[in-house]
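The residues making up each chain are set out below.
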Amino acid sequence: MPVSLSERTASDPQSGLSRTKALALALLCAGGVLAAGVVHGQVSSVRAPAVGTLTRDAAPGYAGSTACAGCHAVEGAAWAKSQHARAMQPATTGSVLGNFGETRAEHFGSQARFSSKDGAFFVQTEGKDGKSADFAVDYTFGVEPLQQYLTTLPDGRMQVLPYAWDTRTKDAGGQRWIHLYPDEAIPPGDALHWTGAQQNWNFMCADCHSTAVRKGYDAAANRFSTTYSEISVGCESCHGPGAGHVAWAKGGRSGDLSTKGFASVAAKRPAPDWTPDPATGSPAHGVSRPVGDEVETCGTCHSRRGQFAEGWQPGKPLADFYRPSFLTPDLFEADGQMRDEVFNYASFLQSKMHAKGVVCSDCHDPHGGKLKADGSEVCSQCHMPQKFAAAGHTGHATGAGQPDCVSCHMPSRTYMVVDPRHDHGFRIPRPDLSMSLGTPNACNDCHRDKPAAWAAGAVERWHGPVRKGGQTYAAAFHAAASGQPEARALLLQVAKDSQAPAIARGTALLMLENRPSVEVEAAMVRGLSDPDPMVRVAALGGLRTLPQEQRWRRGSAGLVDPVRAVRLQAAVTLAEGPPATASDAERRAFAGAAAEYVAAERFNADRAESRSNLGQFFARQGRMAEAEQEYLAALNLAFAVAPRVDLADLYRTLGREAEAELLLRQTISIDPRAAGPRHALGLALIRAKRYPEALEALRRASELEPTQPRYAYVYAVALESTGRAAEAAGILEKALEASPSDMQVLGKLLQSAMRAGDIGRALPLADRLRMLLPDDPSVGQLAGQLKAAAGKLAPK
């Protein structure tokens, strides 16, 4: 996913993949080496080494999984059968599972033909130019429940071809070609077309499906020379470079027994005791969890995160190299259940299991990848089946075909058309929240013919009226996502709750950023010293609304935080630089963090969003020429609306209004459905005093994106200035309905109601504004005056 430190992500439906994923994830990919393989339509004479062996590009210190198996035969045999070992393989008759026997597929009129010749495999489909051509399959990509195929382009980009083979049995609906965007056309030039950046293996996929990947992007040439030590996910993906360990084993096994020749190892928790307490049926105690433990090792890949550096090794903090996602509404339901494809880590961080010190290998064999016991039997390692597999707990009869631990506490969602994934939040089903907030629940996943109220009543009969569970933030996150005025108070409760998962506390701070108050600032300050680095990241982000000197006073300590993700966020928050009163040490700290931030975005210089981020960063520092170059680089990499609007705004700042207007009009012509450039154009036309044209641009922007209150507000102000006050009021009322907490819209409507003497309308608006501005005495005073006036007008 994009590493963009000011992430722009969007959601996608459960079944299949949607174009809204264009700024976030695209296909789940595997990796390969671009020095080997095929070029468009031609088979290369160079093939990648076999699975388990080192490539010629392996960095010093790596040994390869085959070397490990010499001593660790049992683990090696389990790994060889795992999906990790087969995450990516050279395309051969032994690895290719799809039917390439002159079969065909069609998707929205786009034709594809699958063929083979002399041991090579080809997909004939439309290329970037829209013309049909043969593309040689370089590598296979995954095995179950689907297999994808990769081809290499002349510039070193490896792309995921648009069709995947459903490897399930025919009885299960498989053994067919499927398109991973089944419900929409993806023509050439679309952000999600297989030749585009969103289907690019080098950035999107390689780091998690091969070992020790080095992206090797040359920004000047716009080419890749990506390498890795091992074609698939080998032993050293998790254990780090193993040559030192091999030498230690062969050299008498002397020296530091805690590392055994490895440069670093994952931090270990204290020995746990998972013996169930007979009174509760579950273990009585947990254990502490060190930084850089096994869960973080798995989380480097089994998470929705952005990468900003290479070189992670076990024991190092995940946030030194990756920025994990928060529980934002594009990715998660309000109660924290997975909505988009989020890969387990964030879900598990919310769980009581994580809080108790459970690690992935307590349930999963780390080498074979299989559960340590079948189905819910794995739960019986810690939880007494006599208590939890009984009808008194489940409310269902026992036996085959009945609900079990997994179906009730790990509901699944299907991604990539055919791939069901289980939520690792281990939450208690809450159909009552489905009634009040619209979140899904495990009960109605099965009982689809029943309403949530029916399921909630059943749960209450079995377990009483008090709902239990550790995830208590659904109401707060729902209020924030729907713009309710009470969101601030609810989010503050979550942020202050020491028992809430750190990821929830961080998300609460993130959502408080645009809800300023003295109490919110105090919560941000507390978050700056939180033990969890992502809470500190969120708190630093929340300081961005403060004046520059206040921001510096609160956030400058983050510039020297021990975790890189925190330092990067501090650099962004304080991008304008140190104030005149800053010490030499503080200036050096900012320079160091700013350099790290630039390097982090340069690491992803192949992405338009990263170049745009640098443009914003340089512009805030007054480095306008450099900012312009970054925005132009973003435009050259891909068509994206945001950097075009940002560049137009830079031109406005520099007084280059004609260039700004031209750029915005070009953007509109390419993407007529984009609201941002129309809104920016409207403002430019107002500055040029071309009011009729401006009104039309602002109108279209507000229509195209009705959930953006700023567009409606500006359009309404423009309408009012031309004497169309009634029309403006209607626009604002609709905007308030969509965004109940937008202070600009509220303030404008309140002003209009006061001017008209409409106390009945003004009073609820003032009350709502008072909730949003608790520290502004004038708003409270106005609300009190309106209430008194309304009382006098009330009939006796």
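Residues numbered from 1 in each chain as written. Predicted model: local features only at pLDDT ≥ 70, side-chain atom pairs only at ≥ 80, totals over all residues. Heavy atoms only, no water.

Remarks on the pairing of strand β6 (residues 120-126)
Moving residue by residue along a regular strand, the side chains alternate between the two faces of the sheet.
Right, so step 1: In terms of burial, β6 is a largely internal element, six of the seven residues being buried.
Right, so step 2: Here strand β5 (residues 110-117) pairs with β6 via five bridges, running antiparallel. Counted as the bridge partner of lysine 117 is alanine 120 from β6.
Right, so step 3: Sheet analysis places β6 next to strand β7 (residues 132-136), joined by five bridges and oriented antiparallel. From the neighbouring strand, valine 123 faces β7, where its bridge partner is phenylalanine 135.
Right, so step 4: Hairpin remark: β6 followed by β7, antiparallel, with five residues in the connecting loop; positive phi at glycine 130, about 85°. (Buried < 20%, exposed > 50% of the residue type's maximum accessible area, 1.4 Å probe, protein only. Helix = DSSP H or I, 4+ residues; strand = E, 2+ residues; numbered from the N terminus. Pairing = 2+ DSSP bridges.)

Some words on the pattern of salt bridges
Right, so step 1: Within this structure, the stated rule accounts for 44 salt bridges.
Right, so step 2: Note that arginine 305 and aspartate 207 form a salt bridge whose closest N and O atoms lie 2.8 Å from each other. Pair noted here: arginine 305 is in strand β15 (residues 305-307) and aspartate 207 is in helix α4 (residues 206-209), with a separation of 98 residues, a long-range link.
Right, so step 3: Counted as one network, the salt bridges with shared partners bring together Glu661, Arg665, Arg690 and Glu693. (Salt bridge = Lys/Arg side-chain N within 4 Å of Asp/Glu carboxyl O.)

Section: helix α20 (residues 533-542)
Right, so step 1: Within α20, ten of the ten residues are buried, which leaves it mostly tucked inside the rest of the structure.
Right, so step 2: Listed as buried for α20 are Pro533, Met534, Val535, Arg536, Val537, Ala538, Ala539, Leu540, Gly541 and Gly542.
Right, so step 3: Of the surrounding elements, those touching the buried residues of α20 are β16 (322-324), α18 (502-512), α19 (518-527), α21 (548-555) and α22 (564-573).
Right, so step 4: Taking the backbone nitrogen of methionine 534 as reference, a side-chain oxygen 2.9 Å away marks aspartate 532 as the first, capping residue of α20. (Contact = heavy atoms within 4.5 Å. Polar contact = N/O pair within 3.5 Å; in protein donor to acceptor, adjacent residues only side chain to side chain.)

Observations regarding the confidence of the model for the protein chain
In low-pLDDT segments, the atomic positions of the prediction should not be examined closely.
Right, so step 1: With 94% of its residues at a pLDDT of 70 or more, the protein chain shows a mean pLDDT of 91.
Right, so step 2: Low pLDDT, under 50, characterises residues 1-46; the predicted model gives this stretch 199 contacts beyond four residues in sequence or across chains. (pLDDT = per-residue confidence, 0-100.)

A look at unusual backbone geometry
Across the chain, the bulk of peptide bonds are trans and the bulk of non-glycine residues have phi less than zero.
Right, so step 1: Proline 145 follows glutamate 144 through a cis peptide bond whose omega is -5°.
Right, so step 2: One non-glycine residue with positive phi stands out, namely lysine 260, at about 50°.
Right, so step 3: Tracing the sequence through the fold places lysine 260 in the loop between α6 (243-250) and α7 (294-299).
Right, so step 4: Phi angles above zero are rare outside glycine, and phenylalanine 343 is one such case at about 65°.
Right, so step 5: With respect to the helices and strands, phenylalanine 343 occurs in the loop between β16 and α8 (345-349).

Here we look at the side chain of serine 303
Right, so step 1: Mapping serine 303 onto the fold places it in the loop between α7 and β15.
Right, so step 2: Serine 303 sits in the buried class, given a relative accessible area of 5%.
Right, so step 3: In this structure the side chain of serine 303 is engaged in a polar contact, spanning 2.5 Å, whose partner is the backbone oxygen of glycine 299.
Right, so step 4: Aside from chain neighbours lying at most four places away, what touches serine 303 is Val342, Phe343 and Tyr345.

Structural notes on the packing of helix α33 (residues 759-772) against helix α34 (residues 777-793)
Right, so step 1: It is at 9 Å that the axes of α33 and α34 come closest, and there the two elements cross at 150°. Classified by the angle between their axes, α33 and α34 sit roughly antiparallel to one another. The interaxial crossing formed by α33 with α34 has left-handed handedness. Taken together, the residues of α34 that come into contact with α33 (itself represented by Ile759, Ala762, Leu763, Ala766, Asp767, Leu769 and Arg770) are Val779, Gly780, Ala783, Leu786, Lys787, Ala789, Ala790 and Leu793.
Right, so step 2: Its residues assigned to classes, the contact of α33 with α34 shows eleven nonpolar, one polar and three charged. (Axes fitted to C-alpha atoms, helices over the stretch in contact; angles between N-to-C directions. Parallel < 35°, antiparallel > 145°, perpendicular 65-115°, else oblique. Left-handed = near helix turned anticlockwise from the far one by under 90°. Nonpolar A, V, L, I, M, F, W, Y, C, P; charged D, E, K, R; others polar.)

Considerations on the state of the cysteines
Right, so step 1: Within the structure shown, the criterion is met by one disulfide.
Right, so step 2: The side chain of cysteine 208 participates in a disulfide bridge whose partner is cysteine 301; the two sulfur atoms lie 2.4 Å from each other. Given an S-S torsion of about -100°, the disulfide between cysteine 208 and cysteine 301 has left-handed geometry. With a gap of 93 residues between them, cysteine 208 in helix α4 and cysteine 301 in the loop between α7 and β15 connect regions that are remote in the sequence.
Right, so step 3: For cysteine 301, a relative accessible area of 27% corresponds to the partly exposed category.
Right, so step 4: Among the cysteines around cysteine 443, which has no disulfide bond, cysteine 408 carries the closest sulfur, lying 6.5 Å off. (Disulfide = S-S within 2.5 Å.)

Here's the deal with the side chain of serine 739
Right, so step 1: Considering the arrangement of structural elements, one finds serine 739 in the loop between α31 (725-738) and α32 (743-756).
Right, so step 2: Among residues more than four places away in sequence, those in contact with serine 739 are Thr707 and Pro709.

A look at the sheet that holds β7
Right, so step 1: If you walk across this open sheet you meet the four strands as β4-β5-β6-β7, and the pairing is antiparallel. Of all strands in the sheet, those with a lone pairing partner are β4 (103-107) and β7, marking the two edges. For this sheet, the mean inter-axis angle between neighbouring strands, taken without regard to orientation, is 20°.

Topic: the environment of glutamine 159
Right, so step 1: Summarising the element assignment, glutamine 159 is placed in strand β10 (residues 158-160).
Right, so step 2: Judged by relative accessible area, glutamine 159 falls into the buried class, the value being 1%.
Right, so step 3: In this structure, glutamine 159 is in contact with Tyr149, Leu150, Thr151, Leu153, Trp194, Thr195, Gly196, Gln199 and Asn200, ignoring residues within four places of it in sequence.
Right, so step 4: Within the structure, glutamine 159 has its side chain in polar contact with the backbone oxygen of tryptophan 194 (distance 2.9 Å).
Right, so step 5: One polar contact links the side chain of glutamine 159 to the main-chain carbonyl oxygen of glycine 196, over a distance of 2.9 Å.

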